Amino acid sequence: MRRYIVQRDLLEENIRLVKKAAGSARLYGTVKADGYGLGLEAMVRTLSAQGIDRFAVSEPLDADRICGFGLPVTEILLMRPLREPETLDRLLTLPVTFSVGSTEDAQALTQAARRLHVFPQAHIQVDTGLGRFGFSAGEPEQIRRIYDQFQDIRFTGIYTHFACNTNRRLTMRQLHLFLETVQALERAGYDVGIRHCASSAALFYFPETRLDAVRIGSALLGRIWHGERFGLKRVGVCEASIDELRTLPAGATVGYAARFTAKQDMRIATICVGTLHGLSLEAGSGKKDFVSGLWALAGQARRLVRRSVSLCASVNGQTVPVLGVVCTEAVVLDVTGIDCRLGDLVRLPLNPLYLRYMDCVWTDSPAAGEEAEL
């Protein structure tokens, strides 16, 4: 048995903290990647119950699905280019705000709007350093031409994405580039609408990035760097049964590349959860900046002092270490001295963004064994 348990009360508390941090700024609940792995409908319903009626998605199908849930929806921001005529025609009947980051985006949206005799809403995307989509910062004349040439589109906002929400130097540089672009457009007499650039970590680390709106996803799950400093709680944990128990003799190895060798006889448990299901996977952050690197080293030092390891599990309320490299479909735990049996439940800290082949179960009460720190 294996399942991913989501505690609704923790999610609701995180939503309240996010709303407080956002203040008067418009709040978009970002629910991309199937609600960050927790299920799109369940996430949207929970956000809606907390008064959030604006959402941000990266897939056109998600906008369609949200409108089918029968909930009050004021706006759905689609944060990617869209040029397919059939999909555009469908979304133009929904409360979708499109993203325009190139002339081609504006052309495709205009052609669809004229076919359906509607006036769509769109936000301008500005690239300040992420390098994915958008008009280059520092070239506001490109955006001015879009405003002038494509008057079938109602441009109601402008935004950018930060490359590293925990790096102050880089974030402030991108914020400066974005605001320079916005100010150049405003000096030229254009109304840019709402300005937004802050996602989850930036909202909490750099409040000056809040501007007119924020787009929040990972903070709802409490999954930002040192989120506990802001009162955020990590939402969701995997619960799976012990599938194998045996004694590992001294000198035996565990896992791919034989990274772990037993120094003495040990009792080990095998759980059929691995990287296939999201265990030990985290979003890649690329090269760390100097300050982030120092924080990482400090974290490693703390773990060494506590003689802990980077990945642990909870067995009957007791924290136990993972041995060796996590396999594709299984993980091995050191349960020496732990009272446990085949079929006992183990709790593992999965990243739900990579959740696969596992039921997602929502609960309104704390799950058993939550006192074990993972």
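Values in this document were obtained by computation on a predicted structure and should not be read as measured data.

## Quick word on the sheet that holds strand β18 (residues 331-334)
The strand order across the open sheet built from nine strands is β12-β15-β18-β17-β16-β19-β11-β1-β20, with neighbouring strands paired in mixed fashion. In this open sheet, the two edge strands, each paired with only one partner strand, are β12 (244-248) and β20 (359-363). With direction set aside, neighbouring strand axes in the sheet form an average angle of 35°. Pairing of strand β1 (residues 2-7) with strand β11 (residues 237-241) involves four bridges; the strand directions are antiparallel. For Arg2, the partnering residue across the bridge sits in β11 and is Ala240.

## Concerning the pairing of strand β4 (residues 75-78)
Every second residue of β4 is oriented toward a common face, with Glu75 and Leu77 on one face and Ile76 and Leu78 on the other, all of them buried. By the bridge criterion, four bridges tie strand β3 (residues 54-57) to β4 in an arrangement that is parallel. Its bridge partner lying in β4, Phe55 is registered against Ile76. Viewed along the sheet, the connection from β3 through helix α4 (residues 60-67) into β4 turns out right-handed. Pairing geometry for β4 and strand β5 (residues 96-100), over two bridges, is parallel. Counted as the bridge partner of Ile76 is Val96 from β5.

## Here's the deal with the environment of Leu345
The residue Leu345 is located in strand β19 (residues 345-348) in this model. The sequence separation of Leu345 and Arg2 amounts to 343 residues, and the corresponding C-alpha distance is 8.8 Å. Among residues more than four places away in sequence, those in contact with Leu345 are Met1, Glu239, Ala240, Ser241, Ser314, Val315 and Asn316.

## What to know about the environment of Leu276
Its place among the elements puts Leu276 in the loop between β15 (266-271) and α10 (290-305). Sequence separation between Leu276 and Glu329 is 53 residues; the distance between their C-alpha atoms is 5.8 Å. Residues contacting Leu276, with those up to four places away along its chain left out, are Thr328, Tyr354, Arg356 and Tyr357.

## Notes on α4
The periodicity of an α-helix, 3.6 residues per turn, causes residues three or four positions apart to be oriented the same way. Residues of α4 that are buried: Pro60, Asp62, Ala63 and Ile66. Down the axis, α4 shows its buried residues gathered within 160° of arc, on one side only.

## A word on the packing of aromatic side chains
Enumeration over the complete set of coordinates arrives at six aromatic pairs. Plain terms: the ring middles of Phe204 and Phe230 are 5.2 Å apart, the flat faces sit at 45° to each other, and that makes the pair tilted. With Phe204 in helix α9 (residues 200-205) and Phe230 in the loop between β10 (213-216) and β11, this pair connects stretches of sequence that are 26 residues apart. A relative accessible area of 11% places Phe204 in the buried class. Note on Phe230: relative accessible area 22%, which makes it partly exposed. Between Tyr205 and Phe206 the ring centres are 6.2 Å apart and the planes differ by 50°, which places this aromatic pair in the tilted class. A relative accessible area of 4% places Phe206 in the buried class. Put simply, the rings of Phe204, Tyr205, Phe206, Trp225 and Phe230 pair up and form one aromatic cluster.

Rules of the game
- Residues numbered from 1 in each chain as written.
- Predicted model: local features only at pLDDT ≥ 70, side-chain atom pairs only at ≥ 80, totals over all residues.
- Heavy atoms only, no water.
- Pairing = 2+ DSSP bridges.
- Helix = DSSP H or I, 4+ residues; strand = E, 2+ residues; numbered from the N terminus.
- Axes fitted to C-alpha atoms, helices over the stretch in contact; angles between N-to-C directions.
- Buried < 20%, exposed > 50% of the residue type's maximum accessible area, 1.4 Å probe, protein only.
- Right-handed = clockwise from strand over helix to strand, strands pointing away.
- Contact = heavy atoms within 4.5 Å.
- Arc of directions from axis to C-beta.
- Phe/Tyr/Trp six-rings, centres within 6.5 Å; stacked < 30°, edge-to-face > 60°.

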